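If you want the building blocks of each chain, they are given just below.
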Amino acid sequence: MLVLVAPGQGAQTPGFLTPWLDLPGAADRIAAWSDAIGLDLAHYGTRADADEIRDTAVAQPLLVAAGLLSAAALDASPSVVAGHSVGEITAAALAGVIDDEAALRFVRTRGLGMAEAAAVTETGMAALLGGDPDVTIPHLEKLGLTAANINGGGQIVAAGTTAQIAALEADKPEGVRRVVTLKVAGAFHTHHMAPAVEKLRAAVGDLTVSDPTVRYVSNADGHTVATGTEVIARLVGQVANPVRWDLCMETFQSLGVTALVELSPGGTLTGLAKRALPGVKTLALKTPDDLDTARALISEHAGA
């Protein structure tokens, strides 16, 4: 059984889209999406520097575009789809809940709304490596931080003000080996993002929504979601609520997933899966050179 997963913000690196644009039709598709949302995705995916693509309003559409482009090139038929944070929009399109252009329009609204919310207060996020969640989460709460991403595989991401992040770096929870500040522009998946929720809620009325055609696993709680309206409601609410990727991986395991392929720019979620899902074959689509290996893996595991 195959699951396709899409990474969240922070996975982008300068120039990562460049090799994908050499595939037949890819440049035209990116150009059409760029026109639809008023953002030059080709520029940001090929020539922009790290600071430019750190901008939330840029990074989020870029990641969804890359995920959809790599999924089209792979042309797989997964049994399950899921996404981490903004990657859930990619997953919604792959499941047929919304079409590709609607996904890009939705994520453009999301990115702009979250960027505006992030500008209100100086906030950020930091990954904690190692430690016991039962110890780490109360420690974060004591510092006024939110466990915004509970990722499994020994990783929790804290979010809050920059002062709170600094306090965390000076006072790590017991058992945590490292605190790594993330290249994101705000405290995503916390109350700091509440204004973005309202913007998204106002925008969803224009969407044409269908029920998922494959199992769609929500990162709100790891549950499978059967209706398109519920998928969209969760996409709206998730910007201000924690991501429970640990529960998604538990669901993959309970469903009997045997292979996991991470769409471009892959790497983050496969790393977590290698630690949390022993026995599950994993592959990250970093460049088109990975497509043949991915197809071989899929031929062994798809179709359940």
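Scroll up for the structure.
Note that the coordinates shown come from a computational prediction; the quantities given were computed from them, not determined experimentally.

K.L.:
What's the story with the overall build of the protein chain in this structure? I'm lost.
P.N.:
Each helix and strand counted, the protein chain has 13 helices and 10 strands in total. Its C-alpha atoms give the protein chain a radius of gyration of 18 Å, near enough to 19 Å, the size a compact globule of 304 residues would have. Referenced to the eigenvectors of the C-alpha coordinate spread, the extents of the protein chain come out at roughly 50 × 45 × 35 Å. For the protein chain, the proportion of its 304 residues judged to be buried stands at 55%. Contacts in the protein chain between residues at least 24 apart in sequence constitute 73% of all its contacts with a sequence separation of at least 6. When the accessible area of the protein chain is evaluated, it comes to approximately 12,100 Å², of which 49% is carbon and sulfur surface. Computing the positive centroid from 21 side-chain charges and the negative centroid from 33, the protein chain places the two 4 Å apart.

K.L.:
For this particular structure, what's the right way to read helix α11 (residues 245-255)?
P.N.:
In an α-helix, one turn spans 3.6 residues, which is why side chains three or four residues apart end up on the same side. The set of residues buried in α11 consists of Trp-245, Asp-246, Cys-248, Met-249, Thr-251 and Phe-252. Within two residues after α11, Gly-256 carries a phi angle of roughly 90°, on the positive side.

K.L.:
For this particular structure, what's the right way to read the sheet that holds strand β3 (residues 123-130)?
P.N.:
The pairing of strands in a sheet comes from backbone hydrogen bonds and takes either a parallel or an antiparallel form. Pairing within the open sheet is antiparallel, and its four strands lie in the order β4-β5-β3-β6. Edge positions in the sheet fall to β4 (146-152) and β6 (176-181), since each of these pairs with one other strand and no more. Across the sheet, the axes of successive neighbouring strands diverge by a mean angle of 25°, strand direction being ignored. In this sheet, β6 lies alongside β3 in antiparallel orientation, the contact comprising five bridges. Within β6, the position partnered with Ala-126 by the bridge is Thr-181.

K.L.:
Is there a simple way to think about the packing of helix α4 (residues 56-74) against helix α6 (residues 100-120) in this case?
P.N.:
Relative orientation of the contacting elements α4 and α6 amounts to 155°, with a least axis distance of 7 Å. Looking at the two axes, α4 sits roughly antiparallel to α6. Where α4 crosses over α6, the two elements pack in a sense that is right-handed. In this structure, α4 contributes Thr-56, Ala-57, Gln-60, Pro-61, Val-64, Ala-65 and Leu-68 to the contact, and α6 contributes Asp-100, Ala-103, Leu-104, Val-107, Arg-108, Arg-110, Gly-111, Leu-112, Met-114 and Ala-115.

K.L.:
What am I meant to see in the pairing of strand β1 (residues 2-6) here?
P.N.:
Look at any regular strand and the pattern is simple: side chains alternate between the two faces of the sheet. Most of β1 sits out of view: five of its five residues are buried. In β1, alternate side chains face the same way, and those of Leu-2, Leu-4 and Ala-6 on one face and Val-3 and Val-5 on the other are all buried. Here β1 pairs with strand β9 (residues 259-262) via four bridges, running parallel. Paired with Val-5 across the bridge in β9 is Glu-262.

The rules behind these values
Residues numbered from 1 in each chain as written. Predicted model: local features only at pLDDT ≥ 70, side-chain atom pairs only at ≥ 80, totals over all residues. Heavy atoms only, no water. Helix = DSSP H or I, 4+ residues; strand = E, 2+ residues; numbered from the N terminus. Rg over C-alpha atoms; globule rule 2.2 N^0.38 Å. Buried < 20%, exposed > 50% of the residue type's maximum accessible area, 1.4 Å probe, protein only. Contact = heavy atoms within 4.5 Å. Areas by Shrake-Rupley, 256 points an atom, 1.4 Å probe, with all protein chains shown as cover. Lys, Arg positive; Asp, Glu negative; His and termini not counted. Charge placed at Lys NZ, Arg CZ, Asp CG, Glu CD. Pairing = 2+ DSSP bridges. Axes fitted to C-alpha atoms, helices over the stretch in contact; angles between N-to-C directions. Parallel < 35°, antiparallel > 145°, perpendicular 65-115°, else oblique. Left-handed = near helix turned anticlockwise from the far one by under 90°.

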